[in-house]
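Now for the letters of each chain:
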Amino acid sequence: MYSKLIVAAALLALVAGPAAAEQADRKKPIEITADSGTLDQLKGVTVWQGNVIVVQGTLRATADQVTVTRDAQGRQTLQGVGRPATFRQKLEGRPEYIEGQASRVDYTSASNQVVLTGNARVRRGADVVSGSVITYNTETEVYQVSGGAATAPGQSKGRVTVILQPRDEGQK
């Protein structure tokens, strides 16, 4: 079953084509609004709680709680938890967005990995991937999708769903 998941993820990455986020966003200021927050500059940890909204250029993320950690080398990890936690960002050079949602979203800048856990769903245009856990590498643009464990004795493992729209001959 795992090999089928890898094939589905590879197919999605191949058919969907490049999905690079808007590059100009990295140079824009980050605005965070929340009901409350705690900043510990010595430990490099900030925690934002209550209707958290993070905006940087075309990137918009929402969650009930967001924790950001920065190590001595400046690498960051971000964890958003919500019902659901969401993100949306414009794709480079296209009038299209990539959107995702899950119970928990983790991002690690050192590995360029986004992990969506718990009822995870990623949409790019009309293409959709859903499963229990979706791991996406923002640099290589490779998805891995897992259906999760069985929820009761005797049930089969969770399933993943991939919906790919047909492409015009001229589309890449």
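Just so we're clear, the structure is a prediction, and the values are computed from it rather than from any experiment. (Residues numbered from 1 in each chain as written. Predicted model: local features only at pLDDT ≥ 70, side-chain atom pairs only at ≥ 80, totals over all residues. Heavy atoms only, no water.)

## Re the overall build of the protein
Each helix and strand in the protein was counted, giving 1 helix and 10 strands. Counted from the first residue to the last, the protein has its helices and strands arranged as α-β-β-β-β-β-β-β-β-β-β. Residue burial in the protein is summarised as follows: out of 172 residues, 29% are buried. The long-range share in the protein, meaning contacts at least 24 apart out of those at least 6 apart in sequence, stands at 41%. (Helix = DSSP H or I, 4+ residues; strand = E, 2+ residues; numbered from the N terminus. Buried < 20%, exposed > 50% of the residue type's maximum accessible area, 1.4 Å probe, protein only. Contact = heavy atoms within 4.5 Å.)

## Quick look at the nonpolar core
By size, the foremost hydrophobic cluster in this structure holds 21 residues, and its most contacted members are Ile-98, Val-105, Leu-116, Val-122, Ile-134 and Tyr-143. Among the elements of the structure, β3 (45-56), β4 (59-70), β5 (76-90), β6 (97-108), β7 (113-124), β8 (127-137) and β9 (143-146) are those that each provide at least two residues to this core. (Core = buried A, V, L, I, M, F, W, Y, C linked by side-chain atoms within 4.5 Å.)

## With respect to the packing of aromatic side chains
This model, assessed by the stated rule, comprises 1 aromatic pair. For the ring pair Tyr-136 and Tyr-143, a centre distance of 4.6 Å and an interplane angle of 40° mean the geometry is tilted. No difference in accessibility class separates Tyr-136 from Tyr-143, as the two residues are buried. Taking the ring centre of Tyr-97 as reference, the NZ or CZ of Arg-88 above it sits at 3.6 Å. (Phe/Tyr/Trp six-rings, centres within 6.5 Å; stacked < 30°, edge-to-face > 60°. Lys NZ or Arg CZ within 6 Å of the ring centre and 35° of its normal.)

## Let's talk about the environment of Gly-57
If you trace the backbone, Gly-57 turns up in the loop between β3 and β4. Look at Gly-57 and you get partly exposed, because its relative accessible area is 35%. Considering only alpha carbons, one finds Gly-57 and Gln-89, 32 residues apart in sequence, at a separation of 8.5 Å. In this structure, Gly-57 is in contact with Asp-25, Lys-28 and Pro-29, ignoring residues within four places of it in sequence.

## Overview of the environment of Arg-88
Among the secondary structure elements, Arg-88 is positioned in strand β5. Between the alpha carbons of Arg-88 and Glu-99 there is a distance of 4.3 Å; along the sequence they are 11 residues apart. Sequence-distant contacts of Arg-88, defined by excluding residues within four places in its chain, comprise Thr-58, Leu-59, Arg-60, Tyr-97, Ile-98 and Glu-99. Within the structure, Arg-88 has its side chain in polar contact with the side chain of Glu-99 (distance 3.2 Å). (Polar contact = N/O pair within 3.5 Å; in protein donor to acceptor, adjacent residues only side chain to side chain.)

## Let's talk about the pairing of β6
Pairing geometry for β5 and β6, over 11 bridges, is antiparallel. Bridged to Gln-89 within β6 is Ile-98. The turn joining β5 and β6, which pair antiparallel and follow one another in sequence, is formed by 6 residues; a positive phi near 70° is taken by Gly-93. Of the strand pairs in this sheet, β6 and β7 are connected by 9 bridges, and their pairing is antiparallel. By the bridge assignment, Gly-100 is partnered in β7 with Val-122. (Pairing = 2+ DSSP bridges.)

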